[in-house]
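Now for the letters of each chain:
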Amino acid sequence: HPIACAYMVMEDNNSPFLDFNTRYTLALTLLCHDVLEDTYITELELKIELDKILLNDSLVNKVISLTTMCTIDKNMNSMDEFKELKNNKNKYPEEFWYIKTIDKWFNLFGSKDYFLKKGTLLKYIDFLVFLVSQLEKTRYKKSMFVSQSKALCKELKKINNKHIKKNNTSTL
């Protein structure tokens, strides 16, 4: 998942603000974005390892800052994160919205069946719609992820409606 997310930054041709340095920073952040959330590696340990590889304090600090921002508390679920972001949307930089949109796009795309079975697909669609609305306010508004996210949400709503109709018909 992090590799696919990072790859998509490199493929995003629609945003004129994605120069090489910005792409590199965002791709590195997406490679690291789940490390703090899904492993026992600490922020300091991640910084030390990145320092060894990148040999660029400024880049390492930016990647660590964005990675930390994108990491949700291990006690929170995605809906808690959604509420947190809605309530504090003005405190995050433009890069944050770009990273989060890509991350949630891949989460939703790759786990749609899981969310459908749990009955939470529409909530996750709402989350992605919110992220896109924030991304559209940034210099990354022409990112391919704006149009791709809108298209994904539209298709997933159709899938959700078919699922609901199928379940209602089968219970009659």
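Residues numbered from 1 in each chain as written. Predicted model: local features only at pLDDT ≥ 70, side-chain atom pairs only at ≥ 80, totals over all residues. Heavy atoms only, no water.

(A) Layout of the packing of aromatic side chains. This model, assessed by the stated rule, comprises 13 aromatic pairs. With a centroid separation of 5.6 Å and 50° between ring planes, the pair formed by Phe-82 and Phe-130 is classed as tilted. Of this pair, Phe-82 sits in helix H6 (residues 78–87) while Phe-130 sits in helix H9 (residues 121–135), placing them 48 residues apart in sequence. Each member of the pair, Phe-82 as well as Phe-130, carries the same accessibility label: buried. Residues Trp-105 and Phe-109 carry aromatic rings whose centres are separated by 5.1 Å and whose planes lie at 5° to one another, so their mutual orientation is stacked. Of this pair, Trp-105 and Phe-109 both sit in helix H7 (residues 94–110), 4 residues apart, roughly one helical turn. Using a relative accessible area of 11% as the deciding quantity, one classes Trp-105 as buried. Note that Lys-86 overlies the ring of Phe-82, its terminal NZ or CZ placed 4.8 Å from the centroid. Over the ring of Phe-109 we find Lys-112; its NZ or CZ atom is 4.8 Å from the centre of that ring. (Phe/Tyr/Trp six-rings, centres within 6.5 Å; stacked < 30°, edge-to-face > 60°. Helix = DSSP H or I, 4+ residues; strand = E, 2+ residues; numbered from the N terminus. Buried < 20%, exposed > 50% of the residue type's maximum accessible area, 1.4 Å probe, protein only. Lys NZ or Arg CZ within 6 Å of the ring centre and 35° of its normal.)

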